[in-house]
There are 2 protein chains.
Amino acid sequence: MPTIGFYFDFMSPYGYLGAEGIEALAARRGLDVDWRPVLLGITVLKVMGLKGLADTPLKRDYVARDVPRLARWMGVPFARGREGPMVSLPAMRTFVWLKDRDPDAARRFGRAVFRAQWAEGRDLSEPEALAAFGRTLGIDPSELLAAIGDPTVKERLKAAVDAAVGAGVFGVPTFAVDGELFWGADRLPMVERWIETGGW
Amino acid sequence: MPTIGFYFDFMSPYGYLGAEGIEALAARRGLDVDWRPVLLGITVLKVMGLKGLADTPLKRDYVARDVPRLARWMGVPFARGREGPMVSLPAMRTFVWLKDRDPDAARRFGRAVFRAQWAEGRDLSEPEALAAFGRTLGIDPSELLAAIGDPTVKERLKAAVDAAVGAGVFGVPTFAVDGELFWGADRLPMVERWIETGGW
């Protein structure tokens, strides 16, 4: 089974739509999805030298309107509970820690975090809130909190971000098929066609 | 017949793909397209305070690969002749001048400029090259050159850009349907569905 690379950051609502979309596509076609963490705070601010969306006039307003519209178009539940940017670092570190132990558990955690935030409007920015949430998924809260502060986990996340940047990833969601990158949840039909046809 | 607003800047290859796509869509559905100039140099650099694509690592490389791929996906001819950014100001001013006199002629000019640049790899950055090109469309070269330097034309373009920004436009192509904005040539299927259904 070919694997689709899925680059994400929990802070992005488009990342959530991408997660829902790529998992649905993978299920339809019997493919595997490899969830690959990346941090927009690194790629957008540091590597590209741009500003965050919240500090970008016009585009900020467009995205606020576009995300729920795209969600409805995709048939994906979306709650606009959170207007400000979410702090994703604790959840991203938790993901990396889980993935090293059990990739399937990490993927379930990833989908659950995305849904909690963007379909239910919950805020998992704080480690304590995340630990309480993790408990509902069977993750030991004290282990989760320890992982968030673990230098080895921090290093593993940093290495993952470096690998993503090295592969040319700058935004989320980005889908990788046979080394070909597709940026944006709205590119899912193109991803599916690429898989179907082998490219053009 | 409902009118589709089409915001463009000749410097953008995605703008070219958007022009081809929206004109095809409009022809299929018997709709009119109102071509509306906007300058990325104003919206991206000044209003949003971002950098140009050529100065943006990673994204620059992605776009260089994505544009021809999207063109093939859309079935639109594309020649990668020009790697650097084109200077669009002379052509944009010519467009504004023509539109005030004859909107249909301006639209024909717009399509021809986009195709010359992005399907044939020609460079119309310089007024002289543009005037020679305009002659092939029946536009008097000396009138065209005079229009490019005309303060009234400059003001008209500035007003058009201000109106675009006031409407929330920041990138190209942007399509406006019933006041709803859609950014990106890859959003054309969504634009068509919106027209078909009246929105969701």
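Reference entry: report on the structure contained in this document. Computed from a predicted model, the values in this text were never measured in an experiment.

**So, the interface of chain A and chain B**
Listed as interface residues are 32 residues of chain A and, on the opposing side, 32 residues of chain B. Between chain A and chain B lies a buried interface of about 3,200 Å² when both sides are counted; carbon and sulfur atoms form 62% of it. Summed over the three residues of chain A that lose the most area to chain B, namely A:L58, A:Y62 and A:W73, the buried surface amounts to 22% of that side. One can count eight salt bridges joining chain A with chain B. Linking A:D66 and B:R187 is a salt bridge whose minimum nitrogen-to-oxygen distance equals 2.7 Å. Counting the contacts that link chain A with chain B gives 18 residue pairs in polar contact (both at pLDDT 80 or more).

**Re the packing of aromatic side chains**
Summed over the entire model, instances satisfying the criterion amount to 38 aromatic pairs over all chains. Both rings, one in B:F78 and one in B:W118, keep their centres 6.2 Å apart while their planes meet at 5°; by these two values the pair is stacked. Taken together, the residues B:F78 in the loop between α3 (59-74) and α4 (89-101) and B:W118 in helix α5 (residues 103-118) connect sequence positions 40 residues apart. Assessed through its relative accessible area of 22%, B:F78 is described here as partly exposed. Looking at B:W118, the relative accessible area reads 5%, which means it is buried. What links up through ring pairs into an aromatic cluster is the set A:F6, A:F8, A:F10, A:Y16, A:W35, A:F95, A:F109, A:F114 and A:F175.

**Points about the side chain of B:R93**
Residue and element names in this part refer to chain B. Note that R93 resides in helix α4. Although buried, R93 forms no salt bridge, and the nearest oppositely charged side chain, E155, lies 9.3 Å from it. For R93, the side chain forms a polar contact with the main-chain oxygen of I148, separated by 3.0 Å. For R93, the residues in contact, after removing those within four places along its chain, are I148, V153, K154 and L157.

**A closer look at the pattern of salt bridges**
Here the structure, examined in full by the defined rule, presents 38 salt bridges over all chains. Close ionic contact of A:R36 with A:D34 constitutes a salt bridge, the shortest N to O distance being 2.8 Å. In this structure A:R36 comes out as partly exposed when scored by relative accessible area, which is 25%. What makes A:D34 partly exposed here is its relative accessible area of 24%. The partner of A:K158 in a salt bridge is A:D162, and the shortest N-O contact between them spans 3.5 Å. Here A:K158 pairs with A:D162, and both are found in helix α8 (residues 151-166), just four residues apart, close to one helical turn. By relative accessible area, A:D162 is classed as partly exposed at 44%. Bridged by salt links that share partners, the residues A:R65, A:D66, A:R69, A:D186, B:E180 and B:R187 form one connected network.

The rules behind these values
- Once a new chain begins, its residue numbering starts again from 1 and follows that chain's sequence as written.
- Chains carry letters and ligands carry numbers; both start at the beginning, A for chains and 1 for ligands, and go up in the order they are written.
- Restriction of local features to residues with pLDDT of at least 70 applies here, the model being predicted, together with a cutoff of 80 or more for giving and counting side-chain atom pairs; totals for whole chains, interfaces and linings are based on all residues.
- Hydrogens and water molecules were not included; the side-chain quantities draw on all heavy atoms of the structure.
- Only heavy atoms matter for contacts: two residues are in contact if any of them lie within 4.5 Å across the pair.
- As a working definition, buried area equals the accessible area (1.4 Å probe) given up by two parts on being put together, with both sides summed.
- Counted as salt bridges are all cases of a side-chain nitrogen of Lys or Arg within 4 Å of a carboxyl oxygen of Asp or Glu.
- N or O atoms within 3.5 Å of each other form a polar contact, as long as, within protein, one can give a hydrogen and the other can take it, and as long as residues adjacent in sequence are counted only when both atoms are side-chain atoms.
- Two rings belonging to Phe, Tyr or Trp (six-membered ring only in the last case) form a pair when the distance between their centres is within 6.5 Å. Interplanar angles under 30 degrees mark stacking, angles over 60 mark edge-to-face geometry, and anything in between is tilted.
- Segments assigned H or I by DSSP are reported as helices when at least four residues long, segments assigned E as strands when at least two residues long, and all are numbered from the N terminus.
- Three labels apply to residues, based on accessible area from a 1.4 Å probe with only protein chains included: buried if under 20% of the type maximum, exposed if over 50%, partly exposed otherwise in between.
- Charged residues are defined here as Lys and Arg on the positive side and Asp and Glu on the negative side; His and the ends of the chain fall outside this count.

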